[in-house]
Each structure stands twice: as C-alpha cells, then as structure tokens.
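Given next are the chains, with one letter for each unit.
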Amino acid sequence: MADDIPFNKKLDLKPGVVDEVAPGVRRILVNNPGPFTFTGTLSYILGKGQVAIVDPGPADEAHIGVLLDAVRNETVTHIFVTHTHRDHSPAVPAVKHATGATVYAEGIHRPARALHIGELNPLDSSGDHDFKPDVMLRDGEVVTGKGWTVEAVTTPGHTANHMAYAYREGNLLFAGDHVMGWSTSIVAPPDGAMSDYMASLHKLEKRSEQLYLSGHGPAIPDAPRFVKSYIAHRKAREDSILHRLAKGACDIPTLVRAIYIGIDPRLTGAAGLSVLAHLEDLVARGVVATEGTPSIDGVYRLAG
C-alpha cells in the first residue's frame, strides 16, 4: 500500500558531514541507522553567523561534537525542537550549555491521551521525559533571528507535542517526523493519536511551503502534493481495516497479517500500534465497536 506514496529512499549523506541542503540551511546526519530512523536522524542549522539549530539529536557525543564544530565560528541563538523522541532532543542540554542558546518547542513530552486502567505505555522509554523548553510556542507564533523568520506550526499526531517550523524566507518547512520522504510516520497510542495526525496533515495540505526537510530521509520537493498522497494512504489504510472487519470480528494481529503483507518483522509491533490508532479513531466516530475501551488486545467489529 505504500506504493501510493512517491517515496525516495536515497540519501547520499554520511554521518558527520555538513551539507547545505537548501540556501541558508545545513544538515548533519546522526550515525543511528535503523528500521525507524532510516539512515539516521538529521539535525539542521539555519542561517549564517547567528544561527538556529533544529533538532540537535540524541545524546551522542560524536554527533554533538560535529554539530558544535559546524558552528564553531558562529553564534547559536536559538534551538528548535520538533518533538521529544530520544533521537531528536536529548542533545539539547549539551548544546545549550555550550552555546547559551534559547530552546523553543511546543512543550514537554506527554501522551496524547490518558492511560486506560491497567494499560502500559509501550513507547514510554522512547520519550525524552527530561526535556523542558525555555519557551513554549503556540501555533502561528513567529520567532525571528538574523536573516531568518520561523513560524511555529503545531502538528500533533506522531507525538502530542510535535511541532513543525516554517522558514519563511526559504519557503520550506522543517517537518520533523510528521511527514518523511522515505516512509510513513508512526502513529502509536497513547503517545500519538490518529485523529490529531490526520487533522495536522489536512492543515499542512493547505500551506504553501514547497520543500519539506524531515527528521529522517531526503528532502521532499513538491510538498503539498506529497502530503496529499500521505492523506490518501491513511484513508486507504482505514478502508482496508473496514474491509477486513466486514468479513467478521477480529483482533489486531489478524488485521496486521491481512493488511501489512511482507512487512519487516521488526516493524510488526509498530504496525499493530498504528492499527490501534486507526481503531481508536474509528471507535470514537462510531464506525467500529469493541468491548470497553479500545486496546491492543481487543476484538473489533463493525458498529451497527
């Protein structure tokens, strides 16, 4: 089903190399490849002379050293964080200590909803619970630096505190993990919520930025068209769930086997959480029913 999105799985960038990906924007790849990070996490440097850093990355000494070396003869005035998964924000304290920059983000790490009775958060360890921004941004707030202007764009869904940043002079968006050129984004309850994620995609669909720079993978040209394909993909995934439920009630492992043909076994758990995110949304809309609150262990059926 991912064939409906024009993915680009080529990123010719080695860890530790400083690369100018767009006018006024440099990027550095973290050496943390994996099934969820692709070739690694990307940190960005915005501007020249007096600069901002977007997503300093994980608490990786080698990466932090390369990042600080890249701005050694410059002044870092701002640090922007898209979200608080541990491959994006734990380097903040070290970079802030070295530079004195002010840290901006939507807020602290938190789930998209409260835990149900007896529920455990399978992604709890992936969150940077120590992160606290100096400035909590609201949707539409504008932050200016020397030669650049950034607009905060709230994009919850992948995490509750996910925020993208529109670089106005460059007509581009630092999209974090909300939209990526190499793969779909994971939406996994309780950290993420499908209703929030889809609302954020529709919000981005209406924006004018033509280039997206994501937390992983290559830059995304013709971004509005790419976002439309993301929306269509999620709608098709929902239709596949409903098609299987029309044959009879079933649990999430059954839905994963029916929908995710040929999936990398390392991603099976994430696929199950993504299906749960869809089911939570469908139950809330009255389309699907289950006994009690939706859960990873529940059995689901069409409502009515």
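Residues numbered from 1 in each chain as written. Predicted model: local features only at pLDDT ≥ 70, side-chain atom pairs only at ≥ 80, totals over all residues. Heavy atoms only, no water.

Participant: What is the right way to look at the packing of helix 5 (residues 252–259) against helix 6 (residues 268–284) in this model?
Facilitator: Working note: a packed helix pair is described by the angle between its axes plus the distance between those axes. Look at helix 5 against helix 6: their axes get within 9 Å of each other, and the N-to-C directions meet at 105°. With respect to each other, helix 5 and helix 6 are oriented roughly perpendicular. Between helix 5 and helix 6, the residues in contact are I252, L255 and V256 and T268, A271, G272, V275, L276 and L279, respectively. Here the residues of the contact of helix 5 with helix 6 sort into 7 nonpolar, 2 polar and no charged. (Axes fitted to C-alpha atoms, helices over the stretch in contact; angles between N-to-C directions. Helix = DSSP H or I, 4+ residues; strand = E, 2+ residues; numbered from the N terminus. Parallel < 35°, antiparallel > 145°, perpendicular 65-115°, else oblique. Contact = heavy atoms within 4.5 Å. Nonpolar A, V, L, I, M, F, W, Y, C, P; charged D, E, K, R; others polar.)

Participant: So what exactly am I meant to see when it comes to unusual backbone geometry here?
Facilitator: Most peptide bonds take the trans form, and the phi angle of most residues other than glycine is negative. For the peptide bond that leads from P189 to P190, omega is 0°, which places it in the cis range. In the Ramachandran plot, N171 falls in the positive-phi region, its phi being about 50° despite a non-glycine side chain. Mapping N171 onto the fold places it in the loop between strand 10 (163–167) and strand 11 (172–176).

Participant: So what exactly am I meant to see when it comes to the packing of helix 1 (residues 61–70) against helix 2 (residues 92–99) here?
Facilitator: For the pair helix 1 and helix 2, interaxial distance at closest approach is 11 Å and the crossing angle is 35°. The way helix 1 lies across helix 2 gives a crossing that is right-handed. For the pair helix 1 and helix 2, contact is made by I64, L67 and L68 and by A94, V95, A98 and T99, respectively. For the contact of helix 1 with helix 2, a count of residues per class yields 6 nonpolar, 1 polar and no charged. (Left-handed = near helix turned anticlockwise from the far one by under 90°.)

Participant: Can you walk me through the sheet that holds strand 14 (residues 288–290) in this structure?
Facilitator: Each strand in a sheet pairs with another by means of backbone hydrogen bonds, the pair being arranged parallel or else antiparallel. Sheet architecture is open: 3 strands sit in the order 13-15-14, paired in antiparallel fashion. Strand pairing shows two members of the sheet lacking a second neighbour, strand 13 (250–251) and strand 14, which therefore form its edges. Judged from the 3 bridges that link them, strand 14 and strand 15 (residues 299–302) form a sheet pairing that is antiparallel. Paired with V288 across the two strands is L302, which belongs to strand 15. Packed on one face of the sheet, helix 4 (residues 223–245) meets strand 13, strand 14 and strand 15 and runs near 90° to strand 15. (Pairing = 2+ DSSP bridges.)

Participant: Help me out: how do you make sense of the packing of aromatic side chains in this one?
Facilitator: The geometry of an aromatic ring pair is captured by the separation of the ring centres together with the interplanar angle, meaning the angle of the planes. Overall, the coordinates contain 7 aromatic pairs when judged by the stated rule. On the basis of an interplanar angle of 40° and a centroid distance of 5.5 Å, the ring pair of F226 and Y230 is categorised as tilted. In this pair, F226 and Y230 are both assigned in helix 4, 4 residues apart and thus about one turn of the helix distant. For the pair F226 and Y230, one class covers both residues: buried. Directly above the ring of F7 sits K9, whose terminal nitrogen or CZ lies 5.3 Å from the centroid. (Phe/Tyr/Trp six-rings, centres within 6.5 Å; stacked < 30°, edge-to-face > 60°. Buried < 20%, exposed > 50% of the residue type's maximum accessible area, 1.4 Å probe, protein only. Lys NZ or Arg CZ within 6 Å of the ring centre and 35° of its normal.)

Participant: Can you walk me through the sheet that holds strand 1 (residues 19–22) in this structure?
Facilitator: Reading across the sheet, the 7 strands line up as 1-2-3-4-5-6-7 and stay open at both edges, with mixed pairing between neighbours. Each of the sheet's edge strands pairs with one partner strand only, and the pair in question is strand 1 and strand 7 (135–136). Where strand 5 (residues 75–80) and strand 6 (residues 102–105) come together, 3 bridges link them in parallel fashion. Of the residues in strand 6, the one forming a bridge with H78 is T102. Sheet strands touched by helix 1: strand 2 (25–29), strand 3 (42–46) and strand 4 (50–54). Its angle to strand 2, the strand with the most contacts, is close to 160°. Contacts between helix 2 and the sheet are confined to strand 4, strand 5 and strand 6, with strand 5 contributing the most and set at about 155° to the helix.

Participant: Would you mind showing me how to read the pattern of salt bridges here?
Facilitator: All chains considered together, the criterion is met by 19 salt bridges. The shortest N-O distance in the salt bridge between R113 and E280 comes to 2.7 Å. Remark: E280 occurs in helix 6 and R113 occurs in the loop between strand 6 and strand 7; sequence separation between them is 167 residues. With a shortest N-O distance of 2.9 Å, R285 and D281 are connected by a salt bridge. (Salt bridge = Lys/Arg side-chain N within 4 Å of Asp/Glu carboxyl O.)

Read these as layout, nothing more, since geometry by itself doesn't imply function.
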